[in-house]
Amino acid sequence: MVRVPADGSREAPIEQLVEVLHRLPGGQILVTSIENVLNWARARSIWPLTFGLACCAMEMMQAMGTRFDLDRFGVIPRATPRQADLIIVAGRCTIKMAPVVRRLWEQMPEPKYVISMGSCATCGGPFYYDNYSILKGIDTVIPVDVYVPGCPPRPEALIEGVLKLQEKIQRERRLTRRLQEAGA
Amino acid sequence: MTPSRNPSGGFLPPELAARLRERFPQVRDAAEAAREALEAFEREQEERQRRYQEEVERAKAEGKPAPRPPRKEEPAVPRYRTPTFEVPREVFREVMEFLRDDPAFRMDYLSFASAIDWKDRMECTYHLWSTVHNHELLVKVPVDRDDPRIPTVSDLWRTAEWHERETYDLFGVVYEGHPDLRRILLTEDWKGHPLRKDYVYEDPDWLVELARVRQSEVSGVQPPLGERG
Amino acid sequence: MRSLRTEELILNMGPQHPSTHGVLRLLVTLDGENIVEVQPDIGYLHSSVEKMMEHRNYTQNIALADRGMDYLAALVNEMAILRAAETLADVPVPERARYIRTIFMELQRLASHLLWLGTYGIDLGAFTAFLWCMRERELIMDLFEATTGGRLHHVYFRLGGVNEDLPPGWTDRCREFCHYFLNRLDEYHRLLTGNPIWQARTQGVGVLTREQAVAFGACGPVARASGLQWDVRKSHPYEVYDRVDFQVPVYTEGDCYARYLVRMDEMRESTRIILQCLDQMPEGEVRAARVPLNLKVPPGEVYTRVESPRGDLGIHLVSTGGETPWRVKIRAPSFVNLHALTEMMKGWKVADIIAILGSIDIVLADVDR
Ligand code: SF4
């Protein structure tokens, strides 16, 4: 989601620079390269929110622990949503918890990503039938970028999910889209 | 701690059970009643077996083929593997105080307080255990299903405070005299009591609203962040 | 001099808080730095397990017990459900299966306590403990995986035994791990037990007396740290716990340090139990023949308990003779321990909240079910 700021809001220096570059002949290539560099930086330092809901959070902890060591991929957990780029919804989300997850997601600065870990977060998992308190899928309240299946997914699966997210970030064209939208 | 004399289930010395029933004649020993029913059932089975034998012999004497043996039946009598007592509501508080304070019982540990919904009636259940004597006991109190009310025991065992709140939340049992009877697991505005057998789930209004906001985001007509209620 | 007006402050912690170990919300009333009252707000992980169990047969309930209850002690939950059902239905269990169950439950206890120690280390600022504990926990996960196929959720126990026999060579690996682990345990002691920072943050903090422990129904390591000599494995022995020799560690101080020591001692005892079981284990069947998967449990009621890593886990099972139970009441140890927390915290400082909360080792899925 790209939000075009309302008139009068200050833009980051890099964006002002890009705007100038964009107008030069052949500047498009430069913008794309800058975009690639930015994406590379973003993808290699995804900071998730330390936020575990249920059993899947144990596997998330193991993934950050000694053997699997997610730090290798630049994934360093942060304790507050204001510093996080990624929220890993690890586990089942109850109806009582849904507004809280939504609020946390809203508190994160753009660009932000969501990994839904485990079948509970994806669709309610084993708590789908005869159940009155579990949300049937976290994507009814927040948008999800990568779904990791499993109950619980192994740490390897989570790592795969993070790599997929990196790929996705690498392909993003935020700046270009934004310039186009502004030009249109 | 000495191991329980009945390792797989609960244990209460028979003399104590007798003492309890002597002190409170209204109290019914569920296991006792079940045992009587089971004995009656077994007597009946023996009787049928005996009659069948007679028939077989009669058939033999008359030279006819032997009749079919009766079908083996399972008793429909409930088993109580933990000592269980049914206590009427009127003497409930007295019984609980007695069980806690009597030196021979000393049931100072309340494991849980809960309820069972039998569709046509409702029972409140309590499990008591003694850290001194290591014997245990299930107490069941029948309550009115349409308007379940029972005096609280949270002044006798502090742990009952939360257990009673939970039972209120899930079954709607009102504990009279409880200091702080609120929902504990579900949200305050939840409709109904989910562990009752006739519960029907309904989405809370705010969840519907939240899903609507999300839907409008998906379809690209979301209101700006600041304008959300 | 005019006296300053003071006011109580209500501090909200959670439901998302890095050290509340899951989705717990604490409403702390503060007088300056001092805690006046703590009100836990729970239910953020209430997954309606008791209701769901009424609609599933006993074998399906094993899988549900893994997930819906205390997920750090999945095998102990399976045992809790099975103990109730098997007691009510008189299901025979072969000897070898009993030993296998005991070994796995103790391994599960080790894994659970290790995770607790690691996260408690993070809470108190000892990050090394987390890394070390995760290292050993992975080895236990490997042992689990080799037999049950799962790391966290196993669905390994069945009515009348276990699903499969141990793979070849497993016992040797397990024995090797136990010896390795005993050395590691000494290492933890060297890292933490004598550490002045560790002691300063835990000793004398969050005291729960024996009387309070009984009144609040505290159980497991919390009760044993307060001097209540009680372990379900001793008082209501199940499986082969009456055939192995082990101690129940009891401390009388009732503070966080005592709770830490109880768990450390328990890990040593668990290792001893595993080693004894490995020695005594007979050959033979691991699953009783002719126990159907959709067993009809005869009508009746039973209350049985097992010792989970967090304490006395009780199941009140009511059956009306069908394939599914009529009512399952799960008496969760964390639920009562969390209630005791309200008493433990009174009068301590804000900075102790985390130390006390971590020391009772709650699992929110167990609290809320
Ligand atoms: S997907 Fe499985 S492991 Fe993950 S939270 Fe749900 S039940 Fe637990």
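Structure: see above.
Predicted, not measured: the structure shown is a model, and the values here were computed from it.

### Some details on the nonpolar core
By size, the foremost hydrophobic cluster in this structure holds 208 residues, and its most contacted members are Met96, Leu99 and Tyr126 of chain B together with Leu107 of chain C. Per element, the largest residue contribution to this core is 13 residues, and it comes from helix α4 (residues 95-123) of chain C. Ala43, Ala57, Ala90 and Val148 of chain A belong to the second largest nonpolar core, which has 23 residues in total.

### Observations concerning the interface of chain B and chain A
One widely used convention gives an interface's size as the accessible area the parts lose upon coming together. Of the residues lining the interface, 20 residues belong to chain B; the matching set on chain A comes to 16 residues. Carbon and sulfur atoms supply 65% of the area that chain B and chain A bury against each other, a total of about 1,500 Å² over both sides. Put simply, chain B and chain A have 0 salt bridges between them. For the pair chain B and chain A, the interface holds 0 residue pairs in polar contact (both at pLDDT 80 or more). Broken down by element, the residue count for the side of chain B that touches chain A peaks at 7 residues, all from helix α5 (residues 205-218) of chain B.

### What about the side chain of Asn337 of chain C?
Examined against the element boundaries, Asn337 of chain C turns out to sit in helix α12 (residues 333-344). In contact with Asn337 of chain C, other than residues within four places in its own chain, are Ala218, Cys219, Val222, Arg310 and Ile360 of chain C.

### Some details on the sheet that holds strand β5 (residues 122-129) of chain B
Residue and element names in this part refer to chain B. The strand order β1-β3-β6-β5-β4 describes an open sheet built from 5 strands, whose pairing is mixed. Edge strands, defined here as strands with exactly one partner in the open sheet, are β1 (28-29) and β4 (109-117). Inspection of the sheet shows β4 paired to β5 by 8 bridges, in the antiparallel sense. If you follow Ile116 over to β5, its bridge partner there is Glu123. Relative to the sheet, helix α4 (residues 160-171) contacts β4 and β5, its axis offset from that of β4 by approximately 10°.

### Let's talk about the pattern of salt bridges
Going through the model one piece at a time under the given rule, you end up with 69 salt bridges over all chains. Of the charged contacts, one joins Glu54 of chain B and Arg50 of chain B as a salt bridge, the two residues approaching to 3.0 Å between their closest N and O atoms. Taken together, the positions of Glu54 of chain B and Arg50 of chain B, both in helix α2 (residues 30-62) and 4 residues apart, correspond to about one turn of that helix. Assessed through its relative accessible area of 44%, Arg50 of chain B is described here as partly exposed. One salt bridge connects Asp165 of chain C with Arg96 of chain C, and the closest N-O pair in it is separated by 3.1 Å. Placement of the pair is Asp165 of chain C in the loop between β5 (161-162) and α6 (170-193) and Arg96 of chain C in helix α4, with a sequence separation of 69 residues. With a relative accessible area of 34%, Asp165 of chain C lands in the partly exposed category. On the accessibility criterion, Arg96 of chain C (7% relative accessible area) is buried.

Rules used throughout
Residues numbered from 1 in each chain as written. Chains lettered and ligands numbered in written order. Predicted model: local features only at pLDDT ≥ 70, side-chain atom pairs only at ≥ 80, totals over all residues. Heavy atoms only, no water. Core = buried A, V, L, I, M, F, W, Y, C linked by side-chain atoms within 4.5 Å. Buried < 20%, exposed > 50% of the residue type's maximum accessible area, 1.4 Å probe, protein only. Helix = DSSP H or I, 4+ residues; strand = E, 2+ residues; numbered from the N terminus. Contact = heavy atoms within 4.5 Å. Buried area = accessible area lost by both parts, 1.4 Å probe. Salt bridge = Lys/Arg side-chain N within 4 Å of Asp/Glu carboxyl O. Polar contact = N/O pair within 3.5 Å; in protein donor to acceptor, adjacent residues only side chain to side chain. Pairing = 2+ DSSP bridges. Axes fitted to C-alpha atoms, helices over the stretch in contact; angles between N-to-C directions.

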